[in-house]
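Here are the chains, one letter per residue:
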Amino acid sequence: MMSSVKVECVVKESCLIGEGPVWEESEQTLLFVDIAGQKIHRWSPTTNHIQSMETGAMVGFAVPRRSGGYVAAAGRSIVAVDWSSRTTSRLLEVDQEKPKNRLNDGKVDPTGRLLAGTMALEERPAVLERKQGALYSVTSDLSVTKHFDQVDISNGLDWSPDEKVFFYIDSLALSVDAFDYDTHTGDMSNRRVVYRMAEGEGLPDGMTVDVDGRLWVACYSAGRVICIDPETGVRLQSVSLPVMKTTSCCFGGPDYSDLYVTSASLGLDQSESRQQPLAGATFRVTGLGVKGRPSNSFAG
Ligand SMILES: O=C(O)[C@H](O)[C@@H](O)[C@H](O)[C@H](O)CO
Ligand SMILES: [Zn+2]
């Protein structure tokens, strides 16, 4: 099975920080952002066309919205995105007392609640004022809850198939954590580590959970995505990519068996850039023999 795993570069468009891939089932397209490039991209595997829009601010993520369009993070603001007119309008702002912060990764829980975290602006990749970030949730009526602060780089998030566990990554902690999660209230408790990054695995960044409840974690600076069994903390698999700054991943394709992986080019020096001409591109991994789950849309 391992030998049939294939990695191909599918979106050549080079991002500064490609991030936040989301499969849009209705469109059969891949939505992703270029955080530092301040763009939202939508790519169709069937036509190989890419549509893009500028956000005018660092865009941490973009996710589908039930009422149409997307919600995205622009700086410290959560904005509504009207894709047809390529415009944004502000819904709310977080971290008002920290003007140098920005939102980073975000994802929608199974009930339609949006979870998103913040971080200080980076001087260069992974170099920033520590413990400035927090994790927030936003419900359909746009009320905001701060769950905790003291976060370095708020990153990957997803839920277990039974919806009882919330997985979360603060990159500089070099671990993947879990919380007991109450989908009715959004409360999270009992934080614990499910996986500590091993030597050579770099920083944990974006992640996705497959149908069997396994975690697929993009390893920033290590050019790979690893698969973790959260029950045992065992690494089950490691998939190498031809770029070092692998940033996030999601399953997609007609039956959710393709793993899409984004990457970054920002911060590479000249020789690294020469050695990784595909840095910033988006990749598809096939033949993994596992499937992902449909993305959730924001209920607000
Ligand atoms: O994509 C993100 O989550 C951050 O915005 C990036 O800046 C990097 O991933 C980070 O530097 C390493 O964790
Ligand atoms: Zn990230």
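Residues numbered from 1 in each chain as written. Chains lettered and ligands numbered in written order. Predicted model: local features only at pLDDT ≥ 70, side-chain atom pairs only at ≥ 80, totals over all residues.

Draft legend 1. Examining the overall build of the protein more closely. Each helix and strand counted, the protein has 1 helix and 24 strands in total. Relative to the compact-globule value of 19 Å for 300 residues, the protein shows a C-alpha radius of gyration of 17 Å, a close match. In the protein, buried positions account for 46% of the 300 residues. In the protein, 46% of the contacts between residues at least 6 apart in sequence involve partners at least 24 apart. (Helix = DSSP H or I, 4+ residues; strand = E, 2+ residues; numbered from the N terminus. Rg over C-alpha atoms; globule rule 2.2 N^0.38 Å. Buried ≥ 20, exposed ≤ 12 C-beta atoms within 10 Å, placed from the backbone. Contact = placed C-beta atoms within 7 Å.)

Draft legend 2. Structural context of the site of ligand 1. Around ligand 1, the surrounding shell holds 15 residues, and the nearest of these are Pro125, Ala126, Ser171, Leu203 and Tyr220. Secondary-structure elements contributing two or more residues to the shell around ligand 1 are β10 (101–108) and β18 (203–209). Of the residues contributing to the shell around ligand 1, the split by class is 7 nonpolar, 4 polar and 4 charged. (Near = placed C-beta within 6 Å. Nonpolar A, V, L, I, M, F, W, Y, C, P; charged D, E, K, R; others polar.)

Draft legend 3. Structural detail: the sheet that holds strand β23 (residues 258–263). A sheet is described by the order of its strands in space; here 4 strands give the open sequence β1-β24-β23-β22, paired in antiparallel fashion. In this open sheet, the two edge strands, each paired with only one partner strand, are β1 (6–11) and β22 (246–252). The average undirected angle you get between the axes of adjacent strands in this sheet is 30 degrees. Summarising the sheet, β22 and β23 pair through 6 bridges and their orientation is antiparallel. Within the sheet, the bridge partner assigned to Ser248 lies in β23 and is Thr262. (Pairing = 2+ DSSP bridges. Axes fitted to C-alpha atoms, helices over the stretch in contact; angles between N-to-C directions.)

Draft legend 4. How the structure looks around the UniProt feature "binding site: a divalent metal cation" (unreviewed entry) in the protein. In the UniProt entry, the feature "binding site: a divalent metal cation" (unreviewed entry) is given for Glu19, Asn155 and Asp205. Considering the C-alpha atoms alone, the annotated residues occupy 187 residues of sequence yet fold into one spot, their largest mutual distance being 10.3 Å. Among the structural elements, Glu19 can be located in strand β2 (residues 18–24). Not counting residues within four places of it along the chain, the set of residues in contact with Glu19 comprises Phe32, Val33, Ile35, Phe61, Asp105, Gly206, Thr247, Ser248 and Thr262. Take Asp205: it is sitting in strand β18. Ignoring anything within four residues of it in the chain, the contact list for Asp205 reads Asn155, Gly156, Ser171, Ala218, Tyr220, Thr247 and Ser248. (UniProt positions renumbered as here; feature names shortened; annotations may be inferred.)

Draft legend 5. View of unusual backbone geometry. Of note in this structure, Gln28 is not a glycine but carries a positive phi near 55 degrees. Looking at where Gln28 falls in the secondary structure, it is placed in the loop between β2 and β3 (29–34). Exposure remark for Gln28: the 14 C-beta atoms within 10 Å place this residue in the partly exposed category.

Draft legend 6. Broad picture of the environment of Phe148. Here Phe148 is to be found in strand β13 (residues 144–151). The partly exposed category is assigned to Phe148, around which 15 C-beta atoms lie within 10 Å. Counting along the chain gives 45 residues from Phe148 to Val193, while the straight-line C-alpha distance between them is 16 Å. Not counting residues up to four positions away in its chain, the partners in contact with Phe148 are Ala134 and Leu135.

Draft legend 7. Local environment of the sheet that holds strand β19 (residues 215–220). Strand order in the open sheet made by the 4 strands is β18-β19-β20-β21, with antiparallel pairing throughout. Sheet topology places β18 and β21 (234–240) at the edges, where each strand pairs with a single neighbour. This sheet shows a mean twist of 25 degrees between the axes of neighbouring strands, independent of strand direction. Both β18 and β19 contribute to a ladder of 5 bridges, which runs antiparallel. Residue pairing in the sheet places Leu203 in a bridge with Tyr220 of β19.

Draft legend 8. A look at the nonpolar core. Residues Ala62, Ala72, Val217 and Val225 are the most contacted members of the largest nonpolar core, which totals 81 residues. At 6 residues, the largest contribution of residues to this core is made by β19. (Core = buried A, V, L, I, M, F, W, Y, C linked by C-beta atoms within 7 Å.)

Draft legend 9. Quick look at the environment of Val63. For Val63, the location among the structural elements is in strand β6 (residues 59–64). Put simply, Val63 and His49 are 14 residues apart on the chain and 19 Å apart in space, counted from C-alpha to C-alpha. Among residues more than four places away in sequence, those in contact with Val63 are Val22, Tyr70, Val71, Gly106, Lys107, Val108, Leu114 and Phe298.

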